[in-house]
Amino acid sequence: MGKTKKEDLIKEEFTELTNYKASTCISVYLPTHKSGAEINEKQDLIVFKNNLQECARQLAAQGKEKPEIDQLLQPAYELLKHETFWYQLSEGLAVFIADGFFKTYCVPMKVKEELHVNSSFYLSPLIPYITHTAYFYLLVFSKDACSFYKGNGYGMQKVEVEGLPLGMNDVIHFEEKDERKLFRGGGNAPGAEANFHGHGSGLADEKEYIAQYLKEVDQTLWTEVLANEKAPLILSSVEYMVGYYRQNSRYKHIAEESITGNYDHEGLNALYERARKIAEPLLKEDVKKALLNYYNQVATDLTTSMPEKIIPASYYAQISDLFVLENFHVWGTFNEADNKLVVHPEKQEGDECLVNRAIVNTLSNGGAVYVLPQEKMPKESSMAAFLRFKA
């Protein structure tokens, strides 16, 4: 039995899933709950159990004997007994089952309830998460505290930065030190005496004290994190401190909008929701550029919105950018040897989702994939592709 994973699905594991082949590969997707009555009523567990029963029915219809089915699904039924698992879910759950293979992934995004039984795993619902590489930084600071975070479209974590001041009282000495080697310490440390550059012993004017503190925050972040970065940095503080930091920072990618007020004691989730609203349009620059490139070439042979052309092209590493309508399926088969595509209006035995296969092929060949709602799709299509070369 494989591991039950609670951490993020990483790209190496996603690659393992894309390359996995077996006579029976089962993929289960569920929207799940982090809190609420649904947890106490075990709704997610019940829905998962129902999917396992439906899976057993489908396998029996394919001619598999009950002992074989029971052995295949045994790790999944064992999971039903792990109560703590069902109390620690995220927005979505993905479960992958094969003979001797069992993995679960909690993902911070809603997924549609789906069950797929095929010769490969169905991975399309995970594409927005696994291909989402854009990120942002958030700096929350006040006179008494300073915290730094890194986030993306699905979550945010605190980043521990070596030497980052914890507040004004943590910056105590700046005399004749290079940019990296600065003395700091708590203002209440035994025997500590506050010495500020240009003032000798004793407290500086408060404005100068704040200025020196923010300069040190900026210098530390620049040295430790931001010197080679271009990700947006969102500032969160009272208005005058935001203004001073923005005016004097070395970093050239500070977001125009900030979170003004004192959020020293704000919870991580609440902070993330505030930051995400500001960062969201900034995080979509990659898809905007890809769509612009598509539209600029729309009159040429390098673009197509015909699935019957896109699916074969994905097998031959032709696709640079693939745009796919969310929850879109094309059922059928493709024989790469003779370039023969067969599409059915409904799934038949032996069929696979060719949209899923086109996505996996494109990613495996170094292309980019964007799963979009209908209003964002090129020409209101269900699939569209920008090609590296014409066949």
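Our structure's up above, just so we're on the same page.
What this report covers is the structure whose coordinates are included nearby. (Residues numbered from 1 in each chain as written. Predicted model: local features only at pLDDT ≥ 70, side-chain atom pairs only at ≥ 80, totals over all residues. Heavy atoms only, no water.)

We now examine the overall build of the protein chain. What the protein chain contains, in helices and strands, is twelve helices and 20 strands. In the protein chain, the proportion of contacts linking residues at least 24 apart, taken out of those at least 6 apart, comes to 66%. Counting only carbon and sulfur atoms, one obtains 48% of the accessible surface of the protein chain, whose full area is about 20100 Å². (Helix = DSSP H or I, 4+ residues; strand = E, 2+ residues; numbered from the N terminus. Contact = heavy atoms within 4.5 Å. Areas by Shrake-Rupley, 256 points an atom, 1.4 Å probe, with all protein chains shown as cover.)

With that settled, the discussion passes to the packing of helix α11 (residues 307–315) against helix α12 (residues 354–364). Their axes nearest at 8 Å, the elements α11 and α12 cross at an angle of 40 degrees. Our classification of the angle between α11 and α12 gives oblique. In terms of crossing hand, the pair formed by α11 and α12 is left-handed. Contact with α11, carried on its side by Ile311, Ser314 and Tyr315, involves Leu354, Arg357, Ala358, Asn361 and Thr362 of α12 and no other residues of that element. In terms of residue class, the contact of α11 with α12 is made up of four nonpolar, three polar and one charged. (Axes fitted to C-alpha atoms, helices over the stretch in contact; angles between N-to-C directions. Parallel < 35°, antiparallel > 145°, perpendicular 65-115°, else oblique. Left-handed = near helix turned anticlockwise from the far one by under 90°. Nonpolar A, V, L, I, M, F, W, Y, C, P; charged D, E, K, R; others polar.)

Evaluation of the coordinates by the stated rule reveals 17 aromatic pairs. Ring plane angle 65 degrees and centroid distance 5.2 Å describe the contact between phenylalanine 96 and phenylalanine 121, whose orientation is recorded as edge-to-face. Note that phenylalanine 96 is positioned in strand β2 (residues 92–98) and phenylalanine 121 in the loop between β4 (114–120) and α6 (127–130), a separation of 25 residues in sequence. A centroid spacing of 4.5 Å and a plane angle of 40 degrees characterise the contact between tyrosine 315 and phenylalanine 334, whose relative ring orientation is tilted. Taken together, the residues span a long stretch of sequence, with tyrosine 315 in helix α11 and phenylalanine 334 in strand β16 (residues 331–335) at a distance of 19 residues. Per residue, the accessibility class of tyrosine 315 equals that of phenylalanine 334, and both read buried. Sitting above the plane of the tyrosine 135 ring, lysine 150 keeps its charged end 4.2 Å from the centroid. (Phe/Tyr/Trp six-rings, centres within 6.5 Å; stacked < 30°, edge-to-face > 60°. Buried < 20%, exposed > 50% of the residue type's maximum accessible area, 1.4 Å probe, protein only. Lys NZ or Arg CZ within 6 Å of the ring centre and 35° of its normal.)

To continue, consider unusual backbone geometry. Backbone geometry at alanine 317 places phi at a positive 60 degrees, although glycine is not the residue there. Relative to the helices and strands, alanine 317 resides in the loop between α11 and β15 (319–325). For alanine 317, a relative accessible area of 27% translates into the label partly exposed. For glutamate 380, which is not glycine, the phi torsion reads 55 degrees and is therefore positive. On the secondary structure map, glutamate 380 appears in the loop between β19 (368–372) and β20 (383–387).

It is worth spelling out the sheet that holds β4 at this point. Across the sheet, four strands lie side by side as β3-β2-β1-β4; this open sheet has antiparallel pairing. Each edge of the open sheet carries a strand with a single partner, namely β3 (101–107) and β4. Within this sheet the neighbouring strands show an average axis-to-axis angle of 15 degrees, counted without direction. Note that strand β1 (residues 21–31) and β4 share six bridges and pair antiparallel. Paired with tyrosine 29 across the strands is glutamate 114, a residue of β4. (Pairing = 2+ DSSP bridges.)

Attention now goes to the sheet that holds β20. Reading across the sheet, the four strands line up as β14-β20-β15-β19 and stay open at both edges, with mixed pairing between neighbours. Every other strand in the sheet has two partners, leaving β14 (303–304) and β19 as the edge strands with one partner each. Inspection of the sheet shows β15 paired to β19 by five bridges, in the parallel sense. Residue valine 324 lies in a different strand from β19, and its bridge partner there is valine 371. The sheet strands contacting α12 are β15, β19 and β20, and the helix crosses β15 at an angle near 150 degrees.

Once that is clear, we can look at the pairing of strand β6 (residues 146–152). With five of its seven residues buried, β6 lies for the most part within the structure. Connecting strand β5 (residues 136–141) to the next strand, β6, in antiparallel fashion are four residues. In terms of strand pairing, β6 meets strand β7 (residues 155–158) through four bridges, oriented antiparallel. Each residue of the ladder has a partner; that of lysine 150, found in β7, is glutamine 157. Hairpin remark: β6 followed by β7, antiparallel, with two residues in the connecting loop.

Moving on, we get to the environment of alanine 227. Considering the arrangement of structural elements, one finds alanine 227 in the loop between α7 (206–226) and β12 (233–237). Between the C-alpha atoms of alanine 227 and arginine 250, which are 23 residues apart in sequence, the distance is 8.7 Å.

Looking now at the pattern of salt bridges. Inspection of every chain in the model, using the stated rule, returns twelve salt bridges. Measuring nitrogen to oxygen at the nearest pair gives 2.9 Å for the salt bridge that ties glutamate 273 to arginine 276. With a gap of three residues between them, glutamate 273 and arginine 276 both fall in helix α9 (residues 268–283), about one helical turn apart. On the accessibility criterion, glutamate 273 (35% relative accessible area) is partly exposed. According to the relative accessible area criterion, arginine 276 is partly exposed, its value standing at 21%. Among the charged side chains, a network of salt bridges with common partners joins Lys34, Glu91 and Lys110. (Salt bridge = Lys/Arg side-chain N within 4 Å of Asp/Glu carboxyl O.)

Moving on, we get to the nonpolar core. Counting 51 residues, the largest nonpolar core has Phe96, Leu123, Leu322 and Phe323 as the members making the most contacts within it. Excluding residues within four positions of it along the chain, leucine 123 makes contact with Phe14, Leu17, Thr18, Tyr29, Phe96, Asn356 and Val360. (Core = buried A, V, L, I, M, F, W, Y, C linked by side-chain atoms within 4.5 Å.)

Where burial is concerned, most of β3 is hidden: seven out of the seven residues are buried. Of the two faces of β3, the one holding Phe101, Lys103, Tyr105 and Val107 and the one holding Phe102, Thr104 and Cys106 are both buried throughout. Inspection of the sheet shows β2 paired to β3 by seven bridges, in the antiparallel sense. Each bridged residue has a counterpart across the sheet, and for alanine 94 the counterpart in β3 is tyrosine 105. Linking β2 back to β3 in an antiparallel pair, the connection comprises two residues, with glycine 100 at a positive phi of about 75 degrees.

None of the figures reported here should be taken as evidence of function without further support.
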